[in-house]
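# Fold and geometry: a report
In case you want the letters, here they are:
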Amino acid sequence: MNNDYYTEVAPFFDLLSGNRSYDREIDFFSLILSQYCVSKEDYILELGSATGEYVARLREGGWLVDGIDSAIGMVKVARQKYPDATFHHGNFLHHNFGKHYSVILGAHSVIAFLLKRKSLNTFFKNMYFLQPSFLIMDVRNYDNVQIKNDTSEIGRASCRERV
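Residues numbered from 1 in each chain as written. Predicted model: local features only at pLDDT ≥ 70, side-chain atom pairs only at ≥ 80, totals over all residues. Heavy atoms only, no water.

Examined bridge by bridge, strand E2 (residues 64-69) and strand E3 (residues 86-89) share four bridges and lie parallel to one another. Residue pairing in the sheet places Asp69 in a bridge with His89 of E3. For the segment spanning E2, helix H5 (residues 72-81) and E3, crossover handedness is right-handed. (Pairing = 2+ DSSP bridges. Helix = DSSP H or I, 4+ residues; strand = E, 2+ residues; numbered from the N terminus. Right-handed = clockwise from strand over helix to strand, strands pointing away.)

It is worth spelling out the packing of aromatic side chains at this point. Within the structure shown, the criterion is met by three aromatic pairs. Relative to Phe29, the ring of Phe28 has its centre 5.8 Å away and its plane inclined at 65 degrees; by these criteria the two rings are edge-to-face. In terms of burial, Phe28 and Phe29 fall into one category: buried. Pairing Tyr43 with Tyr101 gives two aromatic rings, centres 6.4 Å apart and planes at 85 degrees, and the pair type is edge-to-face. Of this pair, Tyr43 sits in strand E1 (residues 43-47) while Tyr101 sits in the loop between E3 and strand E4 (103-106); the two residues are 58 residues apart in sequence, bridging distant segments of the chain. Since its relative accessible area comes to 34%, Tyr43 is described here as partly exposed. An aromatic cluster of three or more residues is present, and its members are Phe28, Phe29 and Tyr54. We note Lys40 situated over the ring of Trp63; from NZ or CZ to the ring centre the distance is 4.9 Å. (Phe/Tyr/Trp six-rings, centres within 6.5 Å; stacked < 30°, edge-to-face > 60°. Buried < 20%, exposed > 50% of the residue type's maximum accessible area, 1.4 Å probe, protein only. Lys NZ or Arg CZ within 6 Å of the ring centre and 35° of its normal.)

What follows is the structure, encoded as structure tokens:
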């Protein structure tokens with residue numbers, strides 16, 4: 001599928017993906033970010049942000065999140081729905097963001113769009129130059145993943161030590 005397809009379906013994308021359990025996924029991502037001591041002052045970039053649901057919901061939780069999508073239709077819908085958020089249009093393999101992102105999030109099978117080895121190589125080179133502290137890609141089956149939420153003094157101390 002190409003960008004023209006996603007631009008065409010952008011106005012209907014949310015309706016077409018209506019079964020999505022965004023709240024559970026956002027809770028899952030927020031827990032991972034907290035567990036790995038990502039600060040709410042660190043910037044997060046969502047790759048393939050589509051109509052902006054993850055960006056908006058993570059921002060509601062206090063995270064600093066921007067999105068990028070290569071389909072202009074998706075970016076237009078996202079900007080219309082969430083005018084206070086930042087949505088970049090372009091290919092994240094070659095985009096100059098102008099800021100450092102501590103976390104790169106790819107939650108919509110983004111890696112599957114990098115079908116050519118050259119694209120994968122470029123992606124990982126870019127991740128090296130962006131130097132994110134943390135990379136989350138294509139997490140599946142959120143309901144089956146167990147993450148210990150360590151709110152003990154030991155857990156909080158280990159985050160303070162890493163900062």
